[in-house]
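# Analysis of the macromolecular model
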Amino acid sequence: MAGKHGNILIINGPNLNMLGTREPEKYGSRTLEEIIAGVKKISADKGYPVIHFQSNAEGEIVGFIQREGIDASGMIINAGAYTHTSIAIRDSILAVGIPFVEVHLTNIYRREEFRHHSYLSDIAIGVIAGFGADSYEWGLRALINILEKE
């Protein structure tokens with residue numbers, strides 16, 4: 001484990017690399033890099049190093065979780081569209097057994113019906129959705145609060 005605590009993984013799925021330009025009225029104007037910089041600052045202040053990973057490919061996300069999740073303290077994940085389709089990502093999280101928070105920029109329950117189901121929510125510590133970039137920061141703070149109680 002690195003530093004004072006083990007790593008916190010921040011995982012982003014498909015199309016999140018397009019934040020800042022992708023439908024800003026829905027997803028906001030902050031880029032993924034800006035969001036991650038804010039999360040890293042909060043995490044560093046608490047002594048948790050962050051490893052960020054973004055991919056548009058489901059198998060790459062599964063591989064990252066398998067490689068890095070074994071030694072990580074916890075995880076924040078916005079699986080994007082894979083939230084609603086990926087049993088493989090769910091199974092990889094269960095395989096490494098780390099606590100995690102599911103986050104979404106938008107309120108998925110105010111969107112299309114197919115977005116209302118998540119393959120991750122029932123195994124997550126919690127879900128934060130609908131608060132834009134703040135969803136990541138609040139998810140991280142919630143995760144660290146849980147980790148500090150262990």
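Just above sits the structure.
Residues numbered from 1 in each chain as written. Predicted model: local features only at pLDDT ≥ 70, side-chain atom pairs only at ≥ 80, totals over all residues. Heavy atoms only, no water.

### Side note on the side chain of His84
As for its position among the elements, His84 is in the loop between strand S3 (74-78) and helix H4 (87-96). Here the side chain of His84 touches His117 through a polar contact of 2.8 Å, landing on its backbone oxygen. (Helix = DSSP H or I, 4+ residues; strand = E, 2+ residues; numbered from the N terminus. Polar contact = N/O pair within 3.5 Å; in protein donor to acceptor, adjacent residues only side chain to side chain.)

### Describing the pattern of salt bridges
Following the criterion strictly, the structure yields two salt bridges and no others. When the shortest N-O distance is used, the salt bridge between Asp45 and Lys41 registers 3.3 Å. Within this pair, Asp45 and its partner Lys41 are both found in helix H2 (residues 32-45), separated by four residues, close to a single helical turn. The pair Asp45 / Lys41 is uniform in exposure class, with both members exposed. The shortest N-O distance in the salt bridge between Asp122 and Arg90 comes to 2.6 Å. Here Asp122 is found in the loop between strand S4 (100-104) and strand S5 (126-129), whereas its partner Arg90 is found in helix H4, with 32 residues between them in sequence. (Salt bridge = Lys/Arg side-chain N within 4 Å of Asp/Glu carboxyl O. Buried < 20%, exposed > 50% of the residue type's maximum accessible area, 1.4 Å probe, protein only.)

### Comments concerning the environment of Ser92
With respect to the helices, strands and loops of the structure, Ser92 is situated in helix H4. Separated by 26 residues in sequence, Ser92 and Gln66 place their C-alpha atoms 6.2 Å apart. With near-sequence residues (within four places) excluded, Ser92 lies in contact with Val62, Ile65 and Gln66. (Contact = heavy atoms within 4.5 Å.)

### Digging into the nonpolar core
In terms of nonpolar packing, the biggest core is built from 22 residues, with Ile8, Ile10, Ile76 and Tyr136 touching the most fellow members. Of all the secondary structure elements, the ones that give two or more residues to this core are strand S1 (8-12), H2, S4 and helix H5 (134-149). Discounting chain neighbours no more than four positions away, the residues touching Ile10 are Ile36, Val39, Val50, Ile51, His52, Phe53, Ile76 and Tyr136. (Core = buried A, V, L, I, M, F, W, Y, C linked by side-chain atoms within 4.5 Å.)

### A look at the side chain of Ser135
As for its placement among the helices and strands, Ser135 is situated in helix H5. Classification of Ser135 by relative accessible area gives buried; the value is 0%. A polar contact is formed between the side chain of Ser135 and the backbone oxygen of His104, at a distance of 2.9 Å. Polar side-chain contacts of Ser135 include one of 3.2 Å to the backbone nitrogen of Phe131.

### Structural notes on the environment of Ile89
Looking at the secondary structure, you find Ile89 in helix H4. If we ignore the near neighbours within four places in the chain, the residues touching Ile89 are Glu58, Ile61, Val62, Ile65, Ile77, Tyr82 and Leu120.

### Brief notes about the sheet that holds S3
Here five strands make up an open sheet; going across it, the order is S2-S1-S3-S4-S5 and the pairing parallel. Of all the strands in the sheet, just strand S2 (50-54) and S5 have a single pairing partner and so form its edges. Taking the axes of each pair of neighbouring strands and ignoring which way they run, one obtains an average angle of 15 degrees across the sheet. Examined bridge by bridge, S3 and S4 share three bridges and lie parallel to one another. Residue pairing in the sheet places Ile77 in a bridge with Glu102 of S4. Across the sheet, helix H3 (residues 58-69) lies against S1, S2 and S3, angled at about 180 degrees from S1, the strand it touches most. Strands in contact with H5 are S1, S3, S4 and S5; relative to S3, the strand with the most contacts, it is inclined by about 155 degrees. (Pairing = 2+ DSSP bridges. Axes fitted to C-alpha atoms, helices over the stretch in contact; angles between N-to-C directions.)

### Observations concerning the packing of aromatic side chains
Under the criterion given, the structure shown has two aromatic pairs. Centroid distance Phe53 to Phe64: 4.5 Å. Interplanar angle 5 degrees. Geometry classified as stacked. Of this pair, Phe53 sits in strand S2 while Phe64 sits in helix H3, and the two are eleven residues apart along the sequence. As far as the burial class goes, Phe53 and Phe64 line up, both buried. (Phe/Tyr/Trp six-rings, centres within 6.5 Å; stacked < 30°, edge-to-face > 60°.)

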